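Secondary and tertiary structure notes
This is what each chain is made of:
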Amino acid sequence: MKAKGSDLIPILTIAGSDCSGGAGIQADLKTFSAHRLFGMSVILSVVAENTARVISVHEMPVKSVDDQMLAVFEDIVPKATKIGMIGSCDLITCIAYNLEKFKPQNVVIDPVMFAKNGYALMPEENCGFFKKNIIKFADVLTPNIPEAEFLCEFKISNEEEMIKAAKHLCSLGAKAVLLKGGHSKDNANDVLFDGCNIHILKAERIKTKNTHGTGCTLSSAIASNLAKGKDLLNAVSEAKKYVNNAIYYSLNLGKGYGPINHFEFVNEK
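This is a predicted model, so every value here is computed, not measured.

Helices and strands together make up the secondary structure of the chain, namely nine helices and nine strands. For 269 residues, the compact-globule formula gives about 18 Å, and the C-alpha radius of gyration of the chain, at 17 Å, lands near that figure. Considering only C-alpha atoms, the chain reaches an extent of 60 × 40 × 40 Å along its principal axes. A buried classification covers 52% of the 269 residues belonging to the chain. Of the contacts formed within the chain by residues at least 6 apart in sequence, a portion of 67% connects residues at least 24 apart. Of the roughly 12800 Å² of accessible surface on the chain, a fraction of 53% belongs to carbon and sulfur atoms. Separation between the mean location of the 30 positive side-chain charges and that of the 29 negative ones in the chain comes to 4 Å.

The next subject is the pattern of salt bridges. Tallied over the full model, the rule gives nine salt bridges. Across the pair Glu 149 and Lys 155 runs a salt bridge, and its minimum N-O distance is 3.7 Å. Judged by its relative accessible area of 63%, Lys 155 is exposed.

Membership of the largest hydrophobic core comes to 44 residues, with the highest contact counts inside it found for Ile 86, Ile 95, Ile 109 and Phe 130. Each residue touching Ile 95, except ones within four places of it in the same chain, is listed here: Ile 14, Leu 44, Val 65, Ile 83, Ile 86 and Ile 134. The next biggest cluster of nonpolar side chains, apart from the first, holds 24 residues, and it includes Val 140, Leu 201, Ile 222 and Ile 260.

Counting across every chain of the model gives two aromatic pairs. Ring geometry for Phe 73 against Phe 102: centres 4.9 Å apart, planes inclined by 15 degrees, an arrangement best described as stacked. Here Phe 73 is found in helix α2 (residues 62-73), whereas its partner Phe 102 is found in helix α3 (residues 89-102), with 29 residues between them in sequence. Residue Phe 73 shares its accessibility class with Phe 102, and that shared class is buried. Between Tyr 248 and Tyr 249 the ring centres are 5.0 Å apart and the planes differ by 85 degrees, which places this aromatic pair in the edge-to-face class. Its end group placed over the ring of Phe 154, Lys 164 keeps NZ or CZ at 4.5 Å from the ring centre.

About the thresholds
- The numbering scheme is per chain: residues are counted from 1 as the chain's sequence reads.
- Only residues with pLDDT of at least 70 are given local features in this predicted model, and only at 80 or more are side-chain atom pairs given and counted; all residues enter the totals for whole chains, interfaces and linings.
- Heavy atoms from the whole structure form the basis of all side-chain values; hydrogens and water molecules are not counted.
- Helix and strand assignments come from DSSP, with helices taken as H or I runs of at least 4 residues and strands as E runs of at least 2, each series counted from the N terminus.
- All radius of gyration figures rest on C-alpha atoms, and the globule criterion is 2.2 Å times the number of residues raised to 0.38.
- Type-normalised accessible area, obtained with a 1.4 Å probe on protein chains alone, sets the label of each residue: buried when under 20%, exposed when over 50%, and partly exposed for intermediate values.
- Between two residues, a contact is recorded if the distance between any of their heavy atoms is within 4.5 Å.
- For the accessible areas, the method is Shrake-Rupley and the probe is 1.4 Å, while residue cover comes only from the protein chains on display.
- Residues scored as charged are limited to Lys and Arg (positive) and Asp and Glu (negative), so that His and the chain ends carry no count.
- Where a charge sits is defined by one atom per residue type, namely NZ (Lys), CZ (Arg), CG (Asp) or CD (Glu).
- Any carboxyl oxygen of Asp or Glu that lies within 4 Å of a side-chain nitrogen of Lys or Arg is treated as forming a salt bridge with it.
- Remark: nonpolar core denotes a set of buried residues (Ala, Val, Leu, Ile, Met, Phe, Trp, Tyr, Cys) joined through side-chain atoms within 4.5 Å.
- Classification of ring pairs uses Phe, Tyr and Trp, with its six-membered ring standing for Trp, and accepts pairs whose centres are within 6.5 Å; under 30 degrees between planes counts as stacked, over 60 as edge-to-face, and the remaining range as tilted.
- Geometrically, a lysine NZ or arginine CZ counts as sitting over a ring once it is within 6 Å of the ring centre and also within 35 degrees of the ring normal.

Right, here's the structure in full:
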């Protein structure tokens, strides 16, 4: 029997690995699969973590990251690239070099700085280096409020300040910014600034502690929708619906912040 090939859209994640499966590379690949895309990965670090704590972070050598990037881009060029946790200045320099070299399209950058339990995944002293060298490559930057405060160097306590922060982050080089409101007190509204217009994406807060991997999943869902040709507002809106559904049907696994359910909307179809 002759094989019947099919053409899945290729998409790439550049991030750290989460051995517990809820966040990082694992969450990204699950999200790509849920969107019926062909997921590829460049692993920057191996994170020993679970739903309750981060035990250790082991970074990959720069040459290994360079080689992984070359292996992907010389053969299967992705339609979108999601970038998650980077960490060290050496890896920031490495990623910036490769982004300049390969010029990927539809780059979604999630500036992962803290784990759910507060563990610092990017040392504070590297923040300025990240701002200078990475943000300029973002077609979409997706910080949460604590990350945006870190990058903007001012407090964010209401929607007006979220808008101010989104505009400030665009002034640092990002083409668009989605400032996630999951840490706000009143609701889970997000602010999207596309460089010209502000969009408020409203959502009610879902009462659950099982939100491990939410940020990773949202950024990879946005990248998935961009890879499929959706415009920015639709890509972000659809990604937000996908994540809200994954949180609503989240999984009671582990002793801490359980993972969200990447495949629930697939099961419903």
